[in-house]
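# Coordinate inspection notes
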Amino acid sequence: MSLITTQGLTISHGADPVLRDIDLDIAEGEIVTVIGPNGSGKSTLVRAILGILAPSAGIIRRKKGLRIGYVPQKLAIDATLPITVRRFLSLPTRISDDVARQALTRTGVQGLEDRQMAALSGGQLQRVLLSRALLSQPDILILDEPTQGLDHPGIAAFYTLIEEVRKDTGCAVLLVSHDLHVVMRASDRVVCLNGHICCQGTPGMVQSAPEYHALFGVSEGGALAIYEHHHDHTHDHIHGEGCTHD
């Protein structure tokens, strides 16, 4: 069953379209990763799906009663504002100590309840944000470049955690990322975006698409050569459209 569907979605800033004719379907339980260069409209797509931006044209359909958990690209926290992890998890809805403890344990940051949010490392902060996003028992997690600023081990560990969360909860995942070599291992389907959808399909098929190579200039022996085809899902088709650098 589809959780979110867009048809002909176009988002404009003034007279200039940032996104045009986006047809996207996200099914229950799948991990879909959106990749593209800076300025390609990735975050704009996320904001439209979240309902923050209104379409200039086209439609967005969400499953009735859809629960969304959102992890932003970054969270600016004033270092002078005293707020602990425990208190943050109870915003805006108060939760019990047991629920908070379980949420932090699930994402591997148990014991941080009394730590100040401003004192967390980048990796700890992203896991706390993920803990909070999971409190609503979402049907889909939406993450906008959640590993920005993390080192390579931290990036790999975070994506492994996302796969574990999907396995444990059954939620779908829509992920915006620039970590090409990692998303090719962690995704069921990859969408290449550059103002429009250039190509989409399984990681193995996208890595061989000429539209992908035109966009990122990745050779067969480059970052994608480490991709291991260990996902067995039905999204084995690929749709392509000419794609060049803006």
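How each quantity is defined
- Residues numbered from 1 in each chain as written.
- Predicted model: local features only at pLDDT ≥ 70, side-chain atom pairs only at ≥ 80, totals over all residues.
- Heavy atoms only, no water.
- Buried < 20%, exposed > 50% of the residue type's maximum accessible area, 1.4 Å probe, protein only.
- Helix = DSSP H or I, 4+ residues; strand = E, 2+ residues; numbered from the N terminus.
- Pairing = 2+ DSSP bridges.
- Core = buried A, V, L, I, M, F, W, Y, C linked by side-chain atoms within 4.5 Å.
- Domains from an automatic or database assignment.
- Phe/Tyr/Trp six-rings, centres within 6.5 Å; stacked < 30°, edge-to-face > 60°.
- Lys NZ or Arg CZ within 6 Å of the ring centre and 35° of its normal.
- Contact = heavy atoms within 4.5 Å.
- Polar contact = N/O pair within 3.5 Å; in protein donor to acceptor, adjacent residues only side chain to side chain.
- Axes fitted to C-alpha atoms, helices over the stretch in contact; angles between N-to-C directions.

Going by what an unreviewed UniProt entry lists, the chain is known as Zinc transport system ATP-binding protein and is assigned to Donghicola tyrosinivorans.

## Quick notes on the pairing of strand β9 (residues 197-201)
Burial of β9 is extensive: five of the five residues sit out of reach of the surface. Here strand β8 (residues 189-193) folds back onto β9, and the loop between the two strands holds three residues, one of which, Gly-195, carries a positive phi near 85°.

## Thoughts on the nonpolar core
Judged by nonpolar contacts, the single largest core of 45 residues is most densely connected at Val-128, Leu-130, Leu-141, Leu-143 and Tyr-212. Domain assignment of the residues forming this core places at least three in each of domain 1 (2-67 + 139-227) and domain 2 (79-136).

## Digging into the pairing of strand β2 (residues 16-27)
As defined by bridge partners, strand β1 (residues 2-13) adjoins β2 across eight bridges and the pair is classed as antiparallel. Residue Ser-12 lies in a different strand from β2, and its bridge partner there is Pro-17. In this structure, the hairpin formed by β1 and β2 is closed by a connection of two residues, where Gly-14 is found at a positive phi of approximately 70°.

## Some thoughts on the packing of aromatic side chains
With the rule as written, the count across this model stands at one aromatic pair. Over the face of the ring belonging to Phe-88 we find Arg-132, whose NZ or CZ atom lies 4.9 Å from the ring centre.

## Some thoughts on the side chain of Thr-33
Looking at the secondary structure, you find Thr-33 in strand β3 (residues 31-35). Excluding residues that lie within four positions of it along the chain, Thr-33 makes contacts with Leu-175, Ser-177, Val-183, Ser-187, Arg-189, Val-190 and Val-191.

## Section: helix α1 (residues 42-50)
Of all the nine residues making up α1, seven are buried; the element is thus mostly covered by neighbouring parts of the structure. Inspection of α1 places Lys-42, Ser-43, Thr-44, Leu-45, Val-46, Ala-48 and Ile-49 among the buried residues, and these make up the whole buried set. Downstream of α1 by one or two residues, Gly-51 has phi in the positive range, about 90°.

## Quick notes on the side chain of Ser-40
With respect to the secondary-structure elements, Ser-40 resides in the loop between β3 and α1. Of the polar contacts made by the side chain of Ser-40, one reaches the backbone oxygen of Pro-37; its length is 2.7 Å. Ser-40 has contacts with Val-18, Leu-19, Leu-193, Asn-194 and Gly-195, leaving out every residue within four places of it along the chain.

## Remarks on the sheet that holds β2
Here we have three strands laid out as an open sheet, ordered β2-β1-β4, and antiparallel in their pairing. Looking along the sheet, the strands with just one partner apiece sit at the ends: β2 and β4 (57-62). Ignoring strand direction, the axes of neighbouring strands in this sheet form an average angle of 15°. Note: β1 against β4, five bridges, orientation antiparallel. By the bridge assignment, Gln-7 is partnered in β4 with Ile-59. Seen against the sheet, α1 touches β1, β2 and β4 and runs at an angle of roughly 120° to β1.

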